[in-house]
Structures are given as structure tokens and as C-alpha cells.
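# Summary of the model geometry
Okay, here's what each chain looks like letter by letter:
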Amino acid sequence: MAVAETQLYAKVSNKRRSKSTSALLESLLAKGFPAHIAQKALAATGQKTIEDAAKWLHSHCNDPSLDDPIPQEYALYLCPTGHLNNYLQEFWKESKRQCGKNRAHEIFPHITLCDFFTCEDQKVELLYDTLKRVGDSFSQSFPPFISLSLHSSASYLGFFVGDSHANILKDFALAFSSEASALADCHVKPCLKQLHLTLAHKFYPHHQKTLEQLAKCINPGETCQWVAALYSRDMRFVHYQTLRALFQYKPQNIDELMINTGDFIYVDPTQQSDVSEGWVIGTSHRTGCRGFLPENYTERANESDTWVKHREYVFVTASRLFTQTENEPNVKLNGGVCNPSTSRSVTNVLSLQNAALRRGVLVMRHGERVDQVFGKSWLQQCLTADGKYYRADLNFPSTLPKRKDSVKHFECDPPLSCCGIFQSKLIGEALLDQEVTVSYVYSSPALRCVQTAQHILQGLKLDQKVKIRVEPGLFEWTKWEASRVIPNFMTVTELAEASYKIDTSYRGNFPLSSLVPSESYEEYVSRSSAVIKQIITACPNKGKGVILIVGHGSSLASFTRPLIGLPARDSSDFAQAVRKIPSLGMCFCEEIKEENKWQMVNPPVKTLTHGANAAFNWRNGIVED
């Protein structure tokens, strides 16, 4: 369309629309909603139905930003459907299971045609008209299939679009951006560089080979119908993390956030430093309200989970598979020919990889500690006037183990709560159900860690077969000790006399006397790296036996990252990550002996999530007003 014609059409179109309002908008205006708020609701729900918009308005009645003139951001993607999309979704699933989440998992499979741009709410319908009109004009020239070739680097894996087909897609994107910019008065930038469909991005280099093997199971020549789809997102939360609520939470205080199961919450990582442990502050996608919520009620969601699909244009083309003979090779990957009938499935690749795995290392945080529930002064609540221990609450341990020195040393070396004991046994039973074979158990000298290891072994029914090796080098970063001194731990002899299954013949790699109060982060990282390497060396390879390490929240990163060849995090990032690790949080690494390396995979058991249970006084509210 010529520039003059485009400008003329824009004037005519805007003039026509100023005289008439869409049926959806008219319905909302008839209900008494202001025009700008009604248009905002329609834009936020994809302008699909009056019911969707009305529901959004009802949910956002207390949204403090409801009157803010902040538009949505829009992007135009070309998305595969059919058999090819099924293969891609299987790759998404298996790559995440094998190698963990990378940036590609945040969004569904797509080729970006126009990256995100803003458009005023009242002009969004012009984008729909543009997509339909430009789609119609390209429907005859759209390629019957799109040529895709696999490319890989240390941080990127994906399909590049062949030049001839890419030129057609770029022309389509350019036509959409030119017309949309003129009609809707917004700046739309088409993607004119190498068009691609990303499979994995910003992954760990040692996962590259595994990801390539999985990607070669995808046949880009599979039946596919391509769809140009217009999506939107809330531009205020672009750099936030997205959480999904696993459970309903009803606020106990005025500054807390009401969430329902399945709600999405936007969380700014930079605003969490002053939030109490176990809590986050975020904004509800459903209501727009902001407040505190328990972090263990949520899980990480994908960035695109909150996006809204507005309109799509389906390109109806004939697949080249309809004209191919049964035995004809149909796709080239990095110069090689791959036939679907001979290519291995993702499942077969995984089974071959699993056959090469030998040892496993399961690093776990201890269970719920008693001072985590009752505070640092928990012991004062449980001592009589003559210094004897009694159980002031059912979540206090029924007894304390005997130690030769003062009972007051338990303040700096607290035991598990009764819930912590239950948690640990439950994890052990889950490991038993999954037929996990634990060959060695190492524990930090902290009593809570020794008790966790003991009860896990009981759940595994191994407490009479496997003994606990107390390793002082597994203790947490000493800078975090509030007392600024190394706690006075129970000795190995005391632990054994208290009926804990301790390997009294074991001599630690890092003597207790070597622990330095308030050590630097670099000293802690060096200690952790040396200890994990010494533990691996000390445990002979026995089939697929697992080495269980029970430590602290800091252990999950400090012991696994050096094992899989990753550098230590920055100290501030490290602290931020550790504070989010719950009781019995765990990481699992498996050895690939043939490649002389370790990789992190999903733990063998599910996570353990539960809510808080506050103390209750029957007099308050029941008998007394």
C-alpha cells in the first residue's frame, strides 16, 4: 500500500470509528463503566466476549492502577501447529526434565515476526483488521512448508529459517508493521535479521550435547499449519518473575495478598531483600492488588503464561509430506539426512543416556528446625525454674538428646521440631517408594542435620545398614551465625550414645577446629568445593548408588555448582537464592562416567509443601469476647 493511500485510509478509518463503537464496548458502556476502563478491560482480555471483560472488571475492582493509562504490549508471532508442534512440545518437556529450565521454556515455540510494541487500548481493533488484511494479501504467496535447519552454539540451539522462505516472512512482517504503524499510530518494528525458532537459550554449556541429541529427534518436515498470532502482555511486569499459586491463601493481615489456586503473581526480585524469610511481595495478575504471600504456596511459572492471544491468521497450505514417498528422506540437520522412520525418539535418547549414568549425589537442606517456628528464644519457653526441659507445645521435640555440657548450647545448635522429624521421615519413605539406593550418608555437624539424616534413613529402612558420616566441612557459611562463633556441637560420641547411627570411625576431611568464625564468602566457596570433591573421591563407584548429603540451605548451591563445573554465584545473588530454599529442599546430580562429568537433573522425589499453623488459645474468641 502506498504511503499516501495508507495515510488516507488511516484518516478515513479513524473518522469512521469515531462515530461507531464496537458492540462489546457498547455493552460495557451500557453497564455504566467509563469508556477508558471498559477499553482497558477489553484489551486485557483479548476483546473476545463481554463475559470475559466483565469478569476482569469485577476482579480488578480494587486494582489501584485501574485508572492508569498504561497500554498493553503486543507482539506478532508465527506459531506451528499440528505434528511439528507436538514434536516441539515433547522437546520442551524432555529438555526441561533432563537439563532444567532455560530461557526458551519461558515461551511457547514460535518465530518472532514483530517484537513487542505498545498500542493504545482504543486502537487495538485496528491491529486485528491489519492482521486480517495483510494475511489475505500473503495467503497465496505463503510457502507450502518452511525450511528449517538446526543450528547450535554454546548458549543457543534452534532452527534457522531458510533464506527464500525467510524473505517471504520478512515481507509479511514488514507489511504488517507498516500498515499497523500508520493505522494504529504505534511504532511496530519488524524482525529483519535471521528468523529462527528457538529450542534452547542461555543453558549451561555442559548440557549442549544432551540438548543437541534431543533436538535431532525433531523432524522439521512434519505436517504443520502455521499461524500468525497477535499476543499481548502487561508491560509493567516485563522484568518480573511470574509465580503460580499452588494453594489458596486467605490473608491474615491487611498487608497480605488474597490468592486462589492457579493465580499468577508478578514478583520483582529486586524488592525482596527486606521481606521476611519464607514470604514474597507481589502483584496479582487476576486482581491487580499487591501484598505479601507465603512463597511455599507458589511455584515458578513461565513468562508467557499470563499473555493473552488476541487474534490469529491461519495460513492454509499443503504440506510437502502429502507429496513425498514413504521412504524419501525429508529433512537435513547440519548437512546430514535424517529419515523419520530411522530417527530415535526422545524417549530412546533418554534411555540411552540413563544407561550411562552411574552415581548420584542428593544434596538436601535439613528439616524444620525448632527455632524456625518458635524463635531464637525457644529454649527459654521449655525450661522450668530448675532448668529442666519440658514440652511447651506439641511441635517441640518430646525430649532433647543428652550432652555433657550445658543444655543452653542447644540455642545455637537447635534440634528439629516434631514437624521437621515428620518431614524427614516422609522424604525417606518417598525415596524408598522410588527405589532410590542410598549407599553413603554425610551430614553437617549441626544437630538438625544429623537428625534429618537419621530420620531419612529410618524412612528408607536403612537405619540399621547405613551409618552417618559427620563432616564438619559441610557446615553452612559461618558468617551467617548470629553468635559470631562456631556453635558448640555435640561430639560424635555423644551423638552415638544418643542412639544416632553415627560412623564413629569416620574422620572428617575438614576438622571442626578448622572452621573459622565469620569466614569470607571466598573462604566458604573454597571449603565447599574442596569438601564435595573429597567426598566424591572417598565414595567408590558402586553401580547407581546415591550419596546423600544433608546440610543447609547454602549447601544446595555451594556443593552442586562445583560438581557440575559451574562457578560460584556472586555473594549477593547467592544469599538471595538461599533464602528461598525451604526445609528439605534438594538438588540431585548424576554422573555421566563416559564423559567424565556430572549433570543436575530432577530430584527422584516430589517437593514437600505445607502451610503454617499458628498457635491457638481457645479462650480468645471462643469464651472471651
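Residues numbered from 1 in each chain as written. Predicted model: local features only at pLDDT ≥ 70, side-chain atom pairs only at ≥ 80, totals over all residues. Heavy atoms only, no water.

### A closer look at the sheet that holds strand β10 (residues 290-294)
- Spatially, β10-β9-β8-β7-β11 is the arrangement adopted by the five strands of the open sheet, whose pairing is antiparallel. Every other strand in the sheet has two partners, leaving β10 and β11 (298-300) as the edge strands with one partner each. Mean inter-strand twist for the sheet, computed between neighbouring axes without regard to direction, equals 45°. (Pairing = 2+ DSSP bridges. Helix = DSSP H or I, 4+ residues; strand = E, 2+ residues; numbered from the N terminus. Axes fitted to C-alpha atoms, helices over the stretch in contact; angles between N-to-C directions.)

### Observations concerning the pairing of strand β1 (residues 72-81)
- The buried count for β1 comes to nine of ten residues, which makes it a mostly enclosed element.
- In the sheet, β1 pairs with strand β6 (residues 225-234) via ten bridges, with the strands oriented antiparallel. From the neighbouring strand, Ala75 faces β6, where its bridge partner is Tyr231.
- One ladder, built from six bridges, connects β1 with strand β2 (residues 111-119); its direction is antiparallel. Directly across from Leu78, in β2, lies its bridge partner Ile111. (Buried < 20%, exposed > 50% of the residue type's maximum accessible area, 1.4 Å probe, protein only.)

### Regarding helix α12 (residues 447-460)
- Look at α12: 20 Å from first C-alpha to last across 14 residues, which is about the 20 Å you get at 1.5 Å a residue.
- Where burial is concerned, most of α12 is hidden: 13 out of the 14 residues are buried.
- Looking one or two residues past α12, Lys461 carries a phi angle of roughly 60°, positive in sign. (Expected span 1.5 Å × (residues − 1).)

### Section: the packing of helix α2 (residues 23-30) against helix α3 (residues 35-44)
- Direction vectors running N to C along α2 and α3 enclose 130°, while the axes themselves pass 9 Å from each other. The angle between the axes of α2 and α3 places the two elements in the oblique class. As α2 packs across α3, the resulting crossing turns out to be right-handed. Of the residues in α3, those touching α2 at Leu24, Leu25, Leu28 and Leu29 are Ala35, Ala38, Gln39 and Leu42.
- Here the residues of the contact of α2 with α3 are counted per class, giving seven nonpolar, one polar and no charged. (Parallel < 35°, antiparallel > 145°, perpendicular 65-115°, else oblique. Left-handed = near helix turned anticlockwise from the far one by under 90°. Contact = heavy atoms within 4.5 Å. Nonpolar A, V, L, I, M, F, W, Y, C, P; charged D, E, K, R; others polar.)

### Regarding the nonpolar core
- Residues Leu78, Leu199 and Trp226 are the most contacted members of the largest nonpolar core, which totals 52 residues.
- Ranked by residues supplied to this core, first place goes to helix α6 (residues 124-138) with seven residues.
- By size, the runner-up hydrophobic cluster in this structure holds 42 residues, among which are Trp378, Phe396, Ile427 and Val605. (Core = buried A, V, L, I, M, F, W, Y, C linked by side-chain atoms within 4.5 Å.)

### Thoughts on the packing of aromatic side chains
- Scanning the entire structure with this criterion turns up 31 aromatic pairs.
- Taking 5.1 Å as the distance between ring centres and 75° as the angle between the ring planes, the aromatic pair formed by Phe475 and Phe489 counts as edge-to-face. With a gap of 14 residues between them, Phe475 in the loop between β17 (468-470) and α13 (492-497) and Phe489 in the loop between β17 and α13 connect regions that are remote in the sequence. The pair formed by Phe475 and Phe489 is uniform in burial state, with each residue classed as buried.
- Following the ring pairs from residue to residue traces out a cluster consisting of Tyr77, Phe108, Phe116, Tyr231 and Trp307.
- Over the ring of Phe116 we find Arg233; its NZ or CZ atom is 3.6 Å from the centre of that ring.
- Taking NZ or CZ as reference, Arg527 lies 5.9 Å from the ring centre of Phe510, over its face. (Phe/Tyr/Trp six-rings, centres within 6.5 Å; stacked < 30°, edge-to-face > 60°. Lys NZ or Arg CZ within 6 Å of the ring centre and 35° of its normal.)

### Quick word on the environment of Asp234
- With respect to the helices and strands, Asp234 occurs in strand β6.
- When the C-alpha positions of Asp234 and His285 are compared, they lie 9.1 Å apart, and in sequence the two are 51 residues distant.
- Setting aside residues up to four positions removed in sequence, Asp234 forms contacts with Gln72 and Tyr266.
- Within polar-contact distance, the side chain of Asp234 engages the side chain of Arg236 at 2.8 Å. (Polar contact = N/O pair within 3.5 Å; in protein donor to acceptor, adjacent residues only side chain to side chain.)

### What to know about the pattern of salt bridges
- Counting across every chain of the model gives 21 salt bridges.
- Salt-bridge contacts for Glu179 lead to Arg133; the nearest nitrogen and oxygen are separated by 2.5 Å. Here Glu179 is found in helix α7 (residues 163-183), whereas its partner Arg133 is found in helix α6, with 46 residues between them in sequence.
- The exposure class assigned to Arg133 is partly exposed, which follows from its relative accessible area of 27%.
- We note a salt bridge from Arg244 to Glu299, for which the minimum N-O separation is 3.1 Å. Of this pair, Arg244 sits in strand β7 (residues 241-245) while Glu299 sits in strand β11; the two residues are 55 residues apart in sequence, bridging distant segments of the chain.
- Taking relative accessible area as the criterion, Arg244 reaches 24% and is therefore assigned partly exposed.
- Each of the salt bridges in this network shares a partner with another, and the network as a whole consists of Glu73, Arg103, Arg233 and Glu303. (Salt bridge = Lys/Arg side-chain N within 4 Å of Asp/Glu carboxyl O.)

### Comments concerning a nonpolar patch on the surface
- A surface patch of nonpolar side chains, amounting to about 410 Å² of accessible area, comprises Phe616, Trp618 and Ile622.
- Along the chain, Ile622 falls in the segment after β20 (597-601). (Patch = residues over 30% accessible without salt bridge, like charges linked within 9 Å, V, L, I, M, F, W, Y side chains within 5 Å. Areas by Shrake-Rupley, 256 points an atom, 1.4 Å probe, with all protein chains shown as cover.)

### Quick notes on the environment of Arg311
- Relative to the helices and strands, Arg311 resides in strand β12 (residues 308-314).
- When its relative accessible area of 29% is taken as the criterion, Arg311 is described as partly exposed.
- For the pair Arg311 and Tyr128, spaced 183 residues apart in sequence, the C-alpha separation works out to 6.4 Å.
- Residue contacts for Arg311: discarding those within four places in its chain leaves Gly46, Gln47, Tyr128, Leu131, Ala228, Ala229 and Leu230.
- Engagement of the side chain of Arg311 in a polar contact is seen with the backbone oxygen of Gln47, the distance being 2.9 Å.

### Digging into the environment of Leu394
- Checked against the element boundaries, Leu394 lands in the loop between α10 (370-374) and α11 (418-433).
- Classification of Leu394 as exposed rests on a relative accessible area of 68%.
- Once the C-alpha coordinates of Leu394 and Cys418 are considered, the two residues, 24 residues apart in sequence, prove to be 7.4 Å apart.

### Some thoughts on the side chain of Arg561
- Mapped onto the secondary structure, Arg561 falls in helix α15 (residues 555-563).
- Contacts of Arg561, omitting those with residues within four sequence positions, involve Tyr204, Leu566, Pro567, Ala568 and Arg569.

### Observations concerning the pairing of strand β16 (residues 438-443)
- With five of its six residues buried, β16 lies for the most part within the structure.
- By the bridge criterion, five bridges tie β16 to strand β18 (residues 546-551) in an arrangement that is parallel. Considered in β18, the bridge of Tyr440 is made with Ile547.
- As judged from the three bridges shared by β16 and β17, these two strands associate in the parallel manner. Note on β17: the bridge partner recorded for Val441 is Ile468.
- In the classification by handedness, the crossover that spans β16, the intervening α12 and the parallel β17 is right-handed. (Right-handed = clockwise from strand over helix to strand, strands pointing away.)

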